[in-house]
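# Overview (structure and organization)
So you can see what is in the structure, the chains are spelled out below.
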Amino acid sequence: MDIRKLTAAALAMSVFIASCDEKEEKTNAKKIYKLAEDTISDDFSGIVGSSVKYSCGENSGKYRRKLTEKLNTDEEWLIVAENGNLTVYTAEDWESEDTKCYPKDNSINSSLKKHYNDIEKNYIDEKENSNTLMGSMIDYVDKSKQLRQNTNAKCIFNALNCVIVELDCEGKDISDIKVIISIQGKTMCYENDMSIYEFSEDIGIQTKVFYTDFLLEPYVIAFVDKGVVKSVYLADDADSKISGSYPIRNENITVEDVCIENDVDYNLIKQ
């Protein structure tokens, strides 16, 4: 058998496989682009990423949820939108510098994470340069909102602890409660084995007695250890960044982050 023919055939096969892989990557970015065209409104400007950490702009969370429900890919992705103009970036992970781009149909030597940070920084710089006063006002409003949300979280923290004490006094076992979730007052509690706590509804009703605005909060998640509430977080929904907390935390964190920290199955509580 001719060794040169075998070598040539092997080389041709490797080139073919590589071209197929590259075509598949571009096709995947193209599919995301087409889906984004049908999902994202033309009046939206912002960034939508496969991770909530790399999303910004009003309604970016809503678009992210719609896209992730329809997409079936192991790749990470980033969509930059500006009034109907879309650009899709994909990579194996957020740190990989082999990033594909569509519809420009090329590669960029930058990770998705760095690309997001650069775009976000440019966006902020443009806003500051165009209207410093407006930027200061927005910053003031954001800080005021966070302060208010932190205060609300503290009120809920105290109210939940009072409710748990009352349940304990009534002879109801509270020792295994692990996490309490409330969506506009509809409350669900999970025990250490992530089964549903039988008195979940009682906790929601009684918390409202101690803190009447409890029903107005769109999303509350509280972590409990041995019958004591240890922390409370507020957000717009399960996919959002934390808007308020007690004890207070000023980091840029998400509901998923705090679930991981407290050894709670994030995918389970999203259902």
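What comes next concerns the included structure. Quick caveat: nothing in here was measured; it's all calculated off a predicted structure.

A tally of helices and strands in the protein yields 7 helices and 10 strands. When each of the 271 residues of the protein is scored for burial, the buried share is 42%. Taking the contacts inside the protein whose residues are at least 6 apart along the sequence as the reference set, 51% of them involve residues at least 24 apart. Element-wise, carbon and sulfur atoms account for 50% of the exposed surface of the protein, whose accessible area totals about 16,000 Å².

Now for the nonpolar core. With 22 residues, the main nonpolar core has Ile156, Leu160, Ile180, Ile203, Val229 and Val232 as its most contacted residues. Residue assignment for this core shows that the elements contributing at least two residues are α4 (132-169), β6 (177-183), β8 (219-225) and β9 (228-235). Per-element tally for this core: the top contributor is α4, with 8 residues. Those residues in contact with Ile180 that sit more than four places away from it in its chain are Leu160, Ile164, Thr187, Met188, Cys189, Ile203, Val220, Ile221, Ala222 and Val224.

Moving on: helix α2 (residues 60-70). By the burial criterion, the buried members of α2 are Ser60, Tyr63, Arg64 and Leu67. Down the axis of α2, the buried side of the element spans an arc of 100°, and every buried residue falls inside it.

Approximately 380 Å³ is the volume attributed to the second largest pocket. What lines the second largest pocket is a set of 16 residues, and nearest its centre among them are Ser50, Arg64, Thr68, Glu69 and Lys270. For the lining of the second largest pocket, the secondary-structure elements that each account for two or more residues are α2 and β2 (76-82). In terms of residue count, α2 provides more of the lining of the second largest pocket than any other element does, 4 residues in total. Looking at the lining of the second largest pocket, its residues break down into 4 nonpolar, 4 polar and 8 charged.

Looking now at unusual backbone geometry. Looking along the chain, the bond that leaves Tyr102 and enters Pro103 is cis, with omega of 15°. Relative to the elements of secondary structure, Pro103 occurs in the loop between β4 (98-102) and β5 (106-109). With an omega of -5°, the peptide bond between Tyr246 and Pro247 qualifies as cis. Tracing the sequence through the fold places Pro247 in the loop between β10 (242-246) and α6 (255-261). With a phi close to 65°, Met194 is a non-glycine residue in the positive phi region. For Met194, the position within the fold is in the loop between β7 (186-191) and α5 (200-210).

Now for the environment of Asn192. As for its placement among the helices and strands, Asn192 is situated in the loop between β7 and α5. Taking relative accessible area as the criterion, Asn192 reaches 45% and is therefore assigned partly exposed. Along the sequence, Asn192 and Val264 sit 72 residues apart, while their C-alpha atoms lie 8.9 Å from each other. Among residues more than four places away in sequence, those in contact with Asn192 are Ser175, Asp176 and Lys178.

What follows is about the pattern of salt bridges. Inspection of every chain in the model, using the stated rule, returns 10 salt bridges. A salt bridge links Asp239 to Arg64; the nearest nitrogen and oxygen atoms lie 3.8 Å apart. Of the two residues, Asp239 sits in the loop between β9 and β10 while Arg64 sits in helix α2, which places them 175 residues apart along the sequence. Of the charged contacts, one joins Arg65 and Asp239 as a salt bridge, the two residues approaching to 3.9 Å between their closest N and O atoms. Residue Arg65 is located in helix α2, and its partner Asp239 is located in the loop between β9 and β10; the two are separated by 174 residues in the primary sequence. Given the relative accessible area of 8%, Asp239 is considered buried. Residues joined by salt bridges that share partners form a network here, namely Arg64, Arg65, Asp237 and Asp239.

Taken across its 7 residues, strand β3 (residues 85-91) has 6 buried, putting it largely inside the fold. By the bridge criterion, 7 bridges tie β2 to β3 in an arrangement that is antiparallel. The residue of β3 that forms the bridge with Leu78 is Tyr89. The turn linking β2 back onto β3 is made up of 2 residues, and Asn83 within it adopts a positive phi angle of 50°. Counted between consecutive antiparallel strands, the loop separating β3 from β4 contains 6 residues.

Conventions used here
- Residues numbered from 1 in each chain as written.
- Predicted model: local features only at pLDDT ≥ 70, side-chain atom pairs only at ≥ 80, totals over all residues.
- Heavy atoms only, no water.
- Helix = DSSP H or I, 4+ residues; strand = E, 2+ residues; numbered from the N terminus.
- Buried < 20%, exposed > 50% of the residue type's maximum accessible area, 1.4 Å probe, protein only.
- Contact = heavy atoms within 4.5 Å.
- Areas by Shrake-Rupley, 256 points an atom, 1.4 Å probe, with all protein chains shown as cover.
- Core = buried A, V, L, I, M, F, W, Y, C linked by side-chain atoms within 4.5 Å.
- Arc of directions from axis to C-beta.
- 1 Å grid on protein atoms, 1.4 Å probe; cavity = no way out; pocket = protein on both sides within 12 Å on 5 of 7 lines; lining within 4 Å.
- Points joined across faces, edges and corners; volume = space filled by probe spheres on them.
- Nonpolar A, V, L, I, M, F, W, Y, C, P; charged D, E, K, R; others polar.
- Salt bridge = Lys/Arg side-chain N within 4 Å of Asp/Glu carboxyl O.
- Pairing = 2+ DSSP bridges.

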